[in-house]
Amino acid sequence: MPSDTPDAPLPGKPNSAAATTLSQIMTGSDTNLYGTVHGGVIMKFVDDVAAACAGRHSGGTALTVFMDEMLFLVPVKVGDLVHASAQVNWTGRTSMEVGVRVVAERWNESVPATHVASAYLVFVAVDAENRPRPVPRLTPVTADDRRRWAEAEIRRQHRLARREAIRQHRTDNPRNPNGG
């Protein structure tokens, strides 16, 4: 039941509540110059599933604000059936981290899927005027959920520290000839 008070905390949700999987067969139009699926195609697919997951968790629009990490493990081939699975790993007041695991399997073979990529993305939930809005808190249930939360906290601390180090560098070197 929604609260009448705008600042009342939203009820918590388990990691599994918004878990989302998308699947797609990779075609010739998805290839790069090397004949494998272009990394950008996989990145868009990752962003699509992560956005669906973030929107489901937050109950509305959530915008990608940061891709924290994208790890490509093995190439994806034309004809592969690719599955991207996303779940919320961590929530703040208006933001959330979504983890995505991508696996591929041959469309015409019955063999186990191969883990081909992983990514972590940060989203901010927004209202109709694109202003940040509160998200339901995440309530980790399993040991894996708690591990994901703790690792997301580490990534968040690293993002904030990196941002502060760059800000400080620019303050100390306003006319740095090497950029900035």
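Our structure's up above, just so we're on the same page.
Residues numbered from 1 in each chain as written. Predicted model: local features only at pLDDT ≥ 70, side-chain atom pairs only at ≥ 80, totals over all residues. Heavy atoms only, no water.

Student: I keep staring at the pattern of salt bridges and nothing clicks. Help me out?
Tutor: A pair can form between side chains of opposite charge whenever their charged atoms are brought close. In total, this model carries 11 salt bridges according to the counting rule given. Two residues, Arg131 and Asp127, come together in a salt bridge whose shortest N-O distance is 3.3 Å. For Arg147, the salt bridge identified is with Asp144, shortest N-O distance 3.5 Å. Of the two residues, Arg147 and Asp144 are both situated in helix α2 (residues 143-172); the distance of three residues between them amounts to about one turn of the helix. (Salt bridge = Lys/Arg side-chain N within 4 Å of Asp/Glu carboxyl O. Helix = DSSP H or I, 4+ residues; strand = E, 2+ residues; numbered from the N terminus.)

Student: Any chance you could explain the nonpolar core here in plain terms?
Tutor: As a rule of thumb, soluble globular proteins bury nonpolar side chains together. Counting residues in hydrophobic clusters, the biggest one holds 30 residues, and the most contacted among them are Val46, Met96, Val98, Val100, Val102 and Phe123. Where this core is concerned, the elements lending two or more residues are α1 (39-58), β2 (62-72), β3 (80-91), β4 (95-106) and β5 (114-125). When residues of this core are assigned to their parent elements, the largest contribution, seven residues, is made by α1. Excluding anything up to four places from it in sequence, Val102 contacts Val46, Val82, His83, Ala84, Thr114, His115, Val116 and Ala117. (Core = buried A, V, L, I, M, F, W, Y, C linked by side-chain atoms within 4.5 Å. Buried < 20%, exposed > 50% of the residue type's maximum accessible area, 1.4 Å probe, protein only. Contact = heavy atoms within 4.5 Å.)

Student: Before we go on, may I ask you to explain α1 in this structure?
Tutor: Note: α-helices contain 3.6 residues per turn, so residues at a spacing of three or four share the same orientation. In this model α1 runs 28 Å from its N-terminal to its C-terminal C-alpha over 20 residues, within 8% of the 28 Å that 1.5 Å per residue would give. Residues of α1 that are buried: Ile42, Phe45, Val46, Val49, Ala50, Cys53, Ala54, Gly55, His57 and Ser58. Looking at the packing, one finds that the buried side of α1 touches β1 (20-25), β2, β3, β4 and β5. Directly beyond the C-terminal end of α1, a positive phi value near 80° is found at Gly59. (Expected span 1.5 Å × (residues − 1).)

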